[in-house]
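Working through the structure, step by step
So you can see what is in the structure, the chains are spelled out below.
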Amino acid sequence: FLLLGYPTVYRYNLFMQDKSKKKSVRKIKVIPLLTLLFTVFMAGVFVMGVYSFITVPPIAAVEAKEIEEMLKKQQEEAERQRIKQEEELARRKALEEEIAKNPLLVYDDAAELQVTGIGDSVMLAATNALYKTFPHGYFDAKYGRTIYQGKKVLQELEEKGTLGDVIVFSLGTNCIIKEDDLEDLVSHCGGKPTFWITTYGVANDSNEKMTALTEKYDNAFIIDWETLALANRKEYVLPDRLHPTDKGSAAYAELIRQRITECVLTSQYKENKGS
């Protein structure tokens, strides 16, 4: 613009001088001034362009390097997380396989187990408390149920393959039981730990028969509800002197949880069953 713009204007001014002396003086003053301002503006633009050309590439290079480093760190962190997740999945799979083989080797509290309960009206009265204590449990209790009816329920669960980790029986209230009946129930439990709840307020020898059974089988255990109910009969037992109150039901469920934990979740029992 300095080389071409000003000479052009200069020639134009000379042309105007030939036509009119008065007008040429004004043109000579105004047009060169505008040309000068325009030239200064464009020179500034040129300088800024050169500056940008010199400075932008290094800045862009720095930003690209920072982004590359950030992505590299993200990649490393993602890799660590992936390895960690794979290890966790492998641990879970191994745990699930171990649980499938024998859940008792894994858990430390009976509340975590799948407890199957088969019982009469005493267990029925405590069903709500049992499900609160054993959220993974299954309890089939019915008013007036005898040991013979309980055997049918057990066989149905056995055929379906839905027996839990341990089986709890409350079937000594409504009939006189025989040792053969108890052993027959044990035979349908697939070697799983079985628990037998003693009766309270019943005039038969069911408790003695169940106690004798537990002395004969390593996987059979007594849950002594009779002693606990007798010691707290005013709070734990209804006026019929047979079924538990709400407070008694909670104590009934807790007693079952404690006995299962003590009997089959101890290190000694686990070692014997795991060997």
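Note: the structure precedes this text.
First things first, this report covers the structure right here in the doc. Only a predicted model underlies this, so the values are computations on that prediction, with no experimental measurement involved.

The rules we used
- Residues numbered from 1 in each chain as written.
- Predicted model: local features only at pLDDT ≥ 70, side-chain atom pairs only at ≥ 80, totals over all residues.
- Heavy atoms only, no water.
- Helix = DSSP H or I, 4+ residues; strand = E, 2+ residues; numbered from the N terminus.
- Buried < 20%, exposed > 50% of the residue type's maximum accessible area, 1.4 Å probe, protein only.
- Contact = heavy atoms within 4.5 Å.
- Areas by Shrake-Rupley, 256 points an atom, 1.4 Å probe, with all protein chains shown as cover.
- Pairing = 2+ DSSP bridges.
- Right-handed = clockwise from strand over helix to strand, strands pointing away.
- Patch = residues over 30% accessible without salt bridge, like charges linked within 9 Å, V, L, I, M, F, W, Y side chains within 5 Å.
- Salt bridge = Lys/Arg side-chain N within 4 Å of Asp/Glu carboxyl O.

Considerations on the overall build of the chain
Secondary structure summary: the chain contains 11 helices and five strands in total. Counting across all 275 residues of the chain, residues that qualify as buried make up 36%. Long-range pairs, those at least 24 residues apart, make up 69% of the contacts in the chain with a sequence separation of at least 6. When the accessible area of the chain is evaluated, it comes to approximately 17700 Å², of which 58% is carbon and sulfur surface.

Quick notes on the pairing of strand β4 (residues 194-197)
In β4, alternate side chains face the same way, and those of Thr 194 and Trp 196 on one face and Phe 195 and Ile 197 on the other are all buried. Sheet analysis places strand β3 (residues 166-170) next to β4, joined by three bridges and oriented parallel. If you follow Val 168 over to β4, its bridge partner there is Phe 195. As a crossover connection, the stretch from β3 through helix α6 (residues 179-187) into β4 is right-handed. Bridge count between β4 and strand β5 (residues 220-223): four bridges; the pairing is parallel. By the bridge assignment, Thr 194 is partnered in β5 with Ala 220. At this point the chain moves from β4, through helix α7 (residues 206-216), to the parallel β5, and the crossover so formed is right-handed.

Examining a nonpolar patch on the surface
A grouping of Ile 67, Met 70 and Leu 71 is seen on the molecular surface, where their side chains present a nonpolar patch of about 280 Å² in accessible area. Secondary-structure assignment places Leu 71 in helix α2 (residues 21-101). The class of Leu 71 is partly exposed, set by a relative accessible area of 49%.

Treat this as a map of the structure, not an account of what it does.
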